[in-house]
Amino acid sequence: MSRLDEATKENLDYMLKEIASKLQVVNQSIMDPADYDLNKYDQLKLLYDVLRQKGKLSVSETQAFVQELASIRK
């Protein structure tokens, strides 16, 4: 895998899978890479980085992350 600093479809797909796993997303349809624009890659990367550093999330934090993902979608 290339460096995640690069806005590529492969990196986008990887980060979405990792975010879905971390958030334990039940509705996988919100994590479809086709629904995310590479122009918003930096926003998604920021969420990914925060999740990696955060550790365990509370229910309200998880909901906030899912809402943020929804706002980034096309």
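Residues numbered from 1 in each chain as written. Predicted model: local features only at pLDDT ≥ 70, side-chain atom pairs only at ≥ 80, totals over all residues. Heavy atoms only, no water.

1. Concerning the overall build of the chain
Each helix and strand counted, the chain has three helices and zero strands in total. In sequence order, the secondary structure elements of the chain are arranged as α-α-α. In terms of overall size, the chain behaves like a compact globule, its C-alpha atoms giving a radius of gyration of 11 Å where 74 residues would be expected to give roughly 11 Å. Along the longest, intermediate and shortest principal axes, the C-alpha atoms of the chain span 30 × 25 × 15 Å. (Helix = DSSP H or I, 4+ residues; strand = E, 2+ residues; numbered from the N terminus. Rg over C-alpha atoms; globule rule 2.2 N^0.38 Å.)

2. Quick notes on the confidence of the model for the chain
Here the chain averages 90 in pLDDT, and 97% of its residues register 70 or above. When mean pLDDT is taken per element in the chain, helix α2 (residues 41-54) scores highest with 94 and helix α3 (residues 59-72) scores lowest with 90. (pLDDT = per-residue confidence, 0-100.)

3. Some points on the pattern of salt bridges
Using the criterion set out here, one finds six salt bridges in the structure. Between Arg 3 and Asp 5 there is a salt bridge, and its shortest N-O distance comes to 3.5 Å. With a relative accessible area of 55%, Arg 3 lands in the exposed category. Between Lys 45 and Asp 49 there is a salt bridge, with the nearest N and O atoms lying 2.8 Å from each other. With a gap of four residues between them, Lys 45 and Asp 49 both fall in helix α2, about one helical turn apart. For Lys 45, a relative accessible area of 14% translates into the label buried. One connected set of salt bridges, linked through shared partners, spans Arg 3, Asp 5, Lys 45 and Asp 49. (Salt bridge = Lys/Arg side-chain N within 4 Å of Asp/Glu carboxyl O. Buried < 20%, exposed > 50% of the residue type's maximum accessible area, 1.4 Å probe, protein only.)

4. Section: the layout of surface pockets
Taken as a whole, the largest pocket holds about 170 Å³ of empty space. Around the largest pocket, the lining residues are Lys 22, Leu 23, Gln 24, Gly 55, Lys 56, Leu 57, Ser 58, Val 59 and Thr 62. Broken down by class, the residue content of the lining of the largest pocket amounts to three nonpolar, four polar and two charged. (1 Å grid on protein atoms, 1.4 Å probe; cavity = no way out; pocket = protein on both sides within 12 Å on 5 of 7 lines; lining within 4 Å. Points joined across faces, edges and corners; volume = space filled by probe spheres on them. Nonpolar A, V, L, I, M, F, W, Y, C, P; charged D, E, K, R; others polar.)

5. Concerning the nonpolar core
Membership of the largest hydrophobic core comes to 20 residues, with the highest contact counts inside it found for Ile 19, Leu 23, Met 31, Tyr 36, Leu 44 and Leu 69. Mapped by element, the contributors of at least two residues to this core are α1 (9-23), α2 and α3. Looking at which element gives the most residues to this core, the answer is α1, with six residues. (Core = buried A, V, L, I, M, F, W, Y, C linked by side-chain atoms within 4.5 Å.)

6. Some points on the packing of aromatic side chains
One pass over the structure, following the stated rule, counts one aromatic pair. Between the aromatic rings of Tyr 14 and Tyr 48, the centroid separation amounts to 6.4 Å while the plane-to-plane angle is 65°, which identifies the pairing as edge-to-face. With Tyr 14 in helix α1 and Tyr 48 in helix α2, this residue pair connects regions lying 34 residues apart in the sequence. With a relative accessible area of 5%, Tyr 48 lands in the buried category. (Phe/Tyr/Trp six-rings, centres within 6.5 Å; stacked < 30°, edge-to-face > 60°.)

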